[in-house]
Amino acid sequence: MTSHGAIVLAAGASRRLGYAKQLVEIDGEPLLRRVVRSVLATSPRECIVVLDEEAPFDAVLDAREARIVRIADAATGMAASLRAGVAALAAECDGALIAVTDQPGLDARHLQALCTAWRAAPAFAIASAYAGVIGVPALLPRSWFDGVATLSGDVGARALLRSRPDVIAIAAPDLARDIDTPRDIAP
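Residues numbered from 1 in each chain as written. Predicted model: local features only at pLDDT ≥ 70, side-chain atom pairs only at ≥ 80, totals over all residues. Heavy atoms only, no water.

**Some points on the overall build of the protein**
Phase 1 of the analysis: Along its length, the protein carries five helices and nine strands.
Phase 2 of the analysis: In sequence order, the protein lays out its α and β elements as β-β-β-α-β-β-α-β-α-β-β-α-α-β.
Phase 3 of the analysis: Along the longest, intermediate and shortest principal axes, the C-alpha atoms of the protein span 40 × 30 × 30 Å.
Phase 4 of the analysis: Residues counted as buried form 51% of the 187 residues belonging to the protein.
Phase 5 of the analysis: Here the contacts in the protein between residues at least 6 apart in sequence split such that 68% fall between residues at least 24 apart. (Helix = DSSP H or I, 4+ residues; strand = E, 2+ residues; numbered from the N terminus. Buried < 20%, exposed > 50% of the residue type's maximum accessible area, 1.4 Å probe, protein only. Contact = heavy atoms within 4.5 Å.)

The structure is reproduced here in structure tokens:
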């Protein structure tokens, strides 16, 4: 049976928002804790949270549930976080469920759908489709990890997902809303 690991990319500086989006509360819960709780509902082999080396978010995470990987090069862009998360993933993981912290519409139900689709077609990447794009959250098979290692700058999984034909997209219209500016926080 295939198994996956979960990687939560949370090293961003939230420059446009002006403060840490990882700590923005939705229904009384910080976004970082909310996404970790949702990915854990998929029963990953392990859960990795990638943080900037100085990020003060440890208080919202349970170290028994998620392993924190700190990176020094977070300012170089999302690729650094993605590379670090994939590199830290246990060798027993056949795939990586990649999630970010700025999608308040993300829920465990959608993540479960991604995992179910991937188990039915483990050679394919399973991605979320919203607002006319295919992106994260997505589940990447291990065969894609070498491609992740070549990414640089502010490029994430979306670049890989757009460049390959072996992708299955699952509609997720609730993910079209993300938090980048103070205006985005209003419901």
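Picking up after the structure, the text goes on.
**Describing the pattern of salt bridges**
Phase 1 of the analysis: All chains considered together, the criterion is met by six salt bridges.
Phase 2 of the analysis: With its nearest N and O atoms 2.6 Å apart, the salt bridge here joins E29 to R37.
Phase 3 of the analysis: Between E46 and R67 there is a salt bridge, with its nearest N and O atoms 2.9 Å apart. A residue pair is termed long-range when its members are at least 10 positions apart, and E46 in the loop between helix 1 (31–40) and strand 4 (47–52) and R67 in strand 5 (residues 67–71) qualify at 21 residues. (Salt bridge = Lys/Arg side-chain N within 4 Å of Asp/Glu carboxyl O.)

**Let's talk about helix 2 (residues 78–88)**
Phase 1 of the analysis: Buried within helix 2 are the following residues: A79, A80, S81, L82, A84, G85 and V86.
Phase 2 of the analysis: On its buried side, helix 2 packs onto strand 1 (4–9), strand 4, strand 5, strand 6 (95–100), helix 4 (145–149) and helix 5 (157–163).

**What about the sheet that holds strand 5?**
Phase 1 of the analysis: Within the open sheet, the seven strands sit side by side as 5-4-1-6-8-7-9. Their pairing is mixed. Sheet topology places strand 5 and strand 9 (167–171) at the edges, where each strand pairs with a single neighbour. When the angles between neighbouring strand axes are averaged without regard to direction, this sheet yields 30°.
Phase 2 of the analysis: Of the strand pairs in this sheet, strand 1 and strand 6 are connected by six bridges, and their pairing is parallel. Note on strand 6: the bridge partner recorded for A6 is L97.
Phase 3 of the analysis: Against the sheet, helix 1 touches strand 1, strand 4 and strand 6, its axis set at about 155° to strand 4. (Pairing = 2+ DSSP bridges. Axes fitted to C-alpha atoms, helices over the stretch in contact; angles between N-to-C directions.)

**What about helix 1?**
Quick reminder: α-helices carry 3.6 residues per turn. Residues three or four places apart thus point the same way.
Phase 1 of the analysis: With seven of 10 residues buried, helix 1 lies mostly within the body of the structure.
Phase 2 of the analysis: Burial in helix 1 covers these residues: L31, L32, R34, V35, V36, S38 and V39.
Phase 3 of the analysis: Buried positions along helix 1 lie against strand 1, strand 2 (25–26), strand 3 (29–30), strand 4, strand 6 and helix 3 (108–120).

**Some words on empty space enclosed by the protein**
Phase 1 of the analysis: Counted by the stated rule, this structure contains one cavity of 30 Å³ or more.
Phase 2 of the analysis: In this model, the largest cavity occupies a volume close to 60 Å³.
Phase 3 of the analysis: Lining of the largest cavity is provided by L31, R34, V35, S38, V100, T101, Q103 and L106.
Phase 4 of the analysis: At four residues, helix 1 tops the list of elements feeding residues into the lining of the largest cavity.
Phase 5 of the analysis: Grouping the constituent residues of the lining of the largest cavity by class yields four nonpolar, three polar and one charged. (1 Å grid on protein atoms, 1.4 Å probe; cavity = no way out; pocket = protein on both sides within 12 Å on 5 of 7 lines; lining within 4 Å. Points joined across faces, edges and corners; volume = space filled by probe spheres on them. Nonpolar A, V, L, I, M, F, W, Y, C, P; charged D, E, K, R; others polar.)

**Description of unusual backbone geometry**
Phase 1 of the analysis: Of note, the bond from V136 into P137 is cis; its omega dihedral lies within 30 degrees of zero at 0°.
Phase 2 of the analysis: Turning to its location among the elements, P137 is positioned in strand 8 (residues 133–141).
Phase 3 of the analysis: Positive phi, normally seen in glycine, also occurs at D27, with a value near 50°.

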